[in-house]
There are 2 protein chains.
Amino acid sequence: MTETVETRPRDEVYLSTVRRAFALFPSGVVSLVAAVDGHEVGMVASSFTVGVSADPPLVSVAIQRTSTSWPRLRAAASIGVSGFAEDQAALARQMAGPDRDRRFEGVTLLSTRSDARFVEGAATWFECTVHDEVDAGDHTVAFLEVVAVRTAEALRPLVCQGSGFHRIAP
Amino acid sequence: MTETVETRPRDEVYLSTVRRAFALFPSGVVSLVAAVDGHEVGMVASSFTVGVSADPPLVSVAIQRTSTSWPRLRAAASIGVSGFAEDQAALARQMAGPDRDRRFEGVTLLSTRSDARFVEGAATWFECTVHDEVDAGDHTVAFLEVVAVRTAEALRPLVCQGSGFHRIAP
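Because the structure is a prediction, the values reported are computed rather than measured.

**A short note on the overall build of chain A**
Looking only at helices and strands, chain A features three helices and 13 strands. Along the longest, intermediate and shortest principal axes, the C-alpha atoms of chain A span 50 × 40 × 35 Å. The proportion of buried residues among the 170 residues of chain A is 51%. Relative to all contacts within chain A whose residues are 6 or more apart in sequence, the contacts with residues 24 or more apart total 66%.

**Considering the pairing of strand β11 (residues 139–152) of chain A**
Residues and elements named next belong to chain A. With 13 of 14 residues buried, β11 is to be regarded as a mostly interior element. With seven bridges joining them, strand β6 (residues 58–64) and β11 adopt antiparallel strand pairing. Across the sheet, the residue bridging to serine 60 is phenylalanine 143, located in β11. Two elements, strand β10 (residues 124–136) and β11, share 12 bridges in a ladder whose sense is antiparallel. Across the sheet, the residue bridging to aspartate 132 is phenylalanine 143, located in β11.

**What to know about the relation of the copies chain A and chain B**
Expressed as a screw transformation, the operator carrying chain A onto chain B has a rotation angle of 180° and an axial translation of 0.0 Å, and the superposed copies differ by an RMSD of 0.0 Å. Taken together, the rotation and translation describe the operation of a two-fold axis.

**Observations regarding helix α1 (residues 12–24) of chain B**
All names here are of chain B. Compared with an ideal rise of 1.5 Å per residue, which puts 13 residues at 18 Å, α1 spans 19 Å between its outermost C-alpha atoms and is within 8% of the ideal. The complete set of buried residues in α1 reads Thr17, Val18, Ala21, Phe22 and Leu24. In a view along the axis of α1, the buried residues occupy a sector of 155°, so they form one face of it. Opposite the packed face of α1, turned more than 90 degrees from it, sit the exposed residues Glu12 and Ser16.

**A look at the interface of chain A and chain B**
Between chain A and chain B, the contact holds 59 residues from the first and 59 residues from the second. Those elements that place two or more of their residues in the side of chain A that touches chain B are β1 (3–7), α1 (12–24), β2 (27–28), β5 (49–53), β6, β10, β11 and β12 (159–161) of chain A. Here the side of chain A that touches chain B gets 10 residues from one element, more than from any other, and that element is β11 of chain A. When grouped by side-chain class, the residues that make up the side of chain A that touches chain B number 31 nonpolar, 17 polar and 11 charged.

**Section: unusual backbone geometry**
It is generally the case that most residues other than glycine have a negative phi and that most peptide bonds are trans. A cis geometry characterises the amide bond from aspartate 55 of chain A onward to proline 56 of chain A, with omega recorded as 0°. With respect to the secondary-structure elements, proline 56 of chain A resides in the loop between β5 and β6. The phi dihedral of serine 163 of chain A falls on the positive side, at around 65°, and the residue is not glycine. Here serine 163 of chain A is to be found in the loop between β12 and β13 (164–166). Even without a glycine there, the phi angle at aspartate 37 of chain B is positive, about 50°.

**Description of the pairing of strand β7 (residues 79–83) of chain B**
All names here are of chain B. Within β7, five of the five residues are buried, leaving the element largely enclosed by the surrounding structure. Of the two faces of β7, the one holding Ile79, Val81 and Gly83 and the one holding Gly80 and Ser82 are both buried throughout. Sheet analysis places strand β3 (residues 30–36) next to β7, joined by four bridges and oriented antiparallel. Directly across from serine 31, in β7, lies its bridge partner serine 82. Here five bridges tie β7 to strand β10 (residues 124–136), and the two strands are oriented antiparallel to one another. Each bridged residue has a counterpart across the sheet, and for serine 82 the counterpart in β10 is tryptophan 125.

**Considering the confidence of the model for chain A**
Residues and elements named next belong to chain A. Residues with a pLDDT of 70 or more make up 95% of chain A, whose mean pLDDT is 93. When mean pLDDT is compared element by element in chain A, strand β7 (residues 79–83) scores highest at 98, while β1 scores lowest at 61. Across the interface, the model reports ipTM at 0.93; the global pTM reads 0.94.

**Things to note about the environment of histidine 131 of chain A**
Residue and element names in this part refer to chain A. Considering the arrangement of structural elements, one finds histidine 131 in strand β10. What makes histidine 131 partly exposed here is the crowd of 19 C-beta atoms within 10 Å. Aside from chain neighbours lying at most four places away, what touches histidine 131 is Pro56, Leu58, Phe143, Leu144 and Glu145.

**Quick word on the environment of cysteine 160 of chain A**
Residues and elements named next belong to chain A. Looking at the element boundaries, cysteine 160 is found in strand β12. Here cysteine 160 falls in the buried class, since 23 other C-beta atoms lie within 10 Å of it. On a C-alpha basis, the gap between cysteine 160 and threonine 112 in space is 28 Å, while along the polypeptide they are 48 residues apart. Residues within four places of cysteine 160 in sequence aside, it is in contact with Pro26, Ser27, Val29, Ser46 and Phe165.

Rules used throughout
- Residues numbered from 1 in each chain as written.
- Chains lettered and ligands numbered in written order.
- Predicted model: local features only at pLDDT ≥ 70, side-chain atom pairs only at ≥ 80, totals over all residues.
- Helix = DSSP H or I, 4+ residues; strand = E, 2+ residues; numbered from the N terminus.
- Buried ≥ 20, exposed ≤ 12 C-beta atoms within 10 Å, placed from the backbone.
- Contact = placed C-beta atoms within 7 Å.
- Pairing = 2+ DSSP bridges.
- Least-squares fit on C-alpha atoms with pLDDT ≥ 70 in both.
- Expected span 1.5 Å × (residues − 1).
- Arc of directions from axis to C-beta.
- Nonpolar A, V, L, I, M, F, W, Y, C, P; charged D, E, K, R; others polar.
- pLDDT = per-residue confidence, 0-100.

So, in structure tokens, the structure goes:
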């Protein structure tokens with residue numbers, strides 16, 4: 001068994017070991033999309049967390065301070081969070097890509113009466129407004145309030161783990 | 001396909017629909033354990049998030065305001081976070097149980113030179129100190145700094161989804 005133990009000092013070796021350990025921990029994968037000034041703005045996050053609060057119903061997402069998408073997204077009246085389904089790994093990769101013009105190529109987005117946009121075929125949809133933002137190290141953590149929800153219980157979620165995308169075992 | 005769409009008003013029907021939607025989103029499962037005044041104190045969380053910050057390396061966990069374990073845990077010099085492995089579902093259920101005296105029955109805990117205690121056989125271990133705490137609705141979100149890490153890359157993580165525990169498909 002490959003076993004790695006690292007403790008501080010907080011040098012580059014330590015930080016890269018922690019990053020690899022973070023990658024081994026499983027998470028869901030979401031897109032956050034909204035129409036801003038007539039254009040769709042989107043980002044993909046694997047640091048999205050549900051159940052941060054039950055009442056008001058809050059979710060959270062950690063965003064790099066250097067993100068250029070978040071300052072635009074947060075200005076929308078509401079943001080569409082789509083939890084990718086197990087058959088959407090390629091879509092998640094494309095929407096997470098560096099080429100912003102290609103992120104939405106061939107992606108069917110569903111509109112709401114507000115600014116939120118959802119990815120067709122996703123397993124869970126949360127329409128969210130920004131509740132609060134706090135600093136956390138080199139990231140900003142946004143707490144979002146869920147103002148509408150849709151679930152497709154027959155669809156299983158995509159799981160991010162070990163730098164790859166996976167399905168849950170049947 | 002069972003599809004549920006709910007929007008506000010924020011009544012009990014809406015909140016319970018959101019709770020069910022939250023349960024459908026996948027997450028890892030961790031225990032947080034420390035020795036406090038000579039006794040092991042522990043809790044299990046499915047709202048644990050890695051990669052909240054890269055430098056300093058931060059993770060987060062959302063804790064109900066009514067938790068009686070967290071006020072004791074947060075007083076420890078460091079807290080051991082163990083990410084359960086796929087074969088530890090029964091252990092996770094036991095450690096999440098209401099009977100505090102039985103939580104550690106038969107559980108092998110590994111000690112550190114500090115207060116952190118880890119569950120033997122877990123897939124990932126993060127030794128953490130409390131970096132910050134913020135209010136988020138009816139929960140407190142604790143940001144924890146990772147001061148030591150251990151990974152067992154051959155072990156796959158346990159995934160919590162749809163009110164049950166699952167394995168990642170091979």
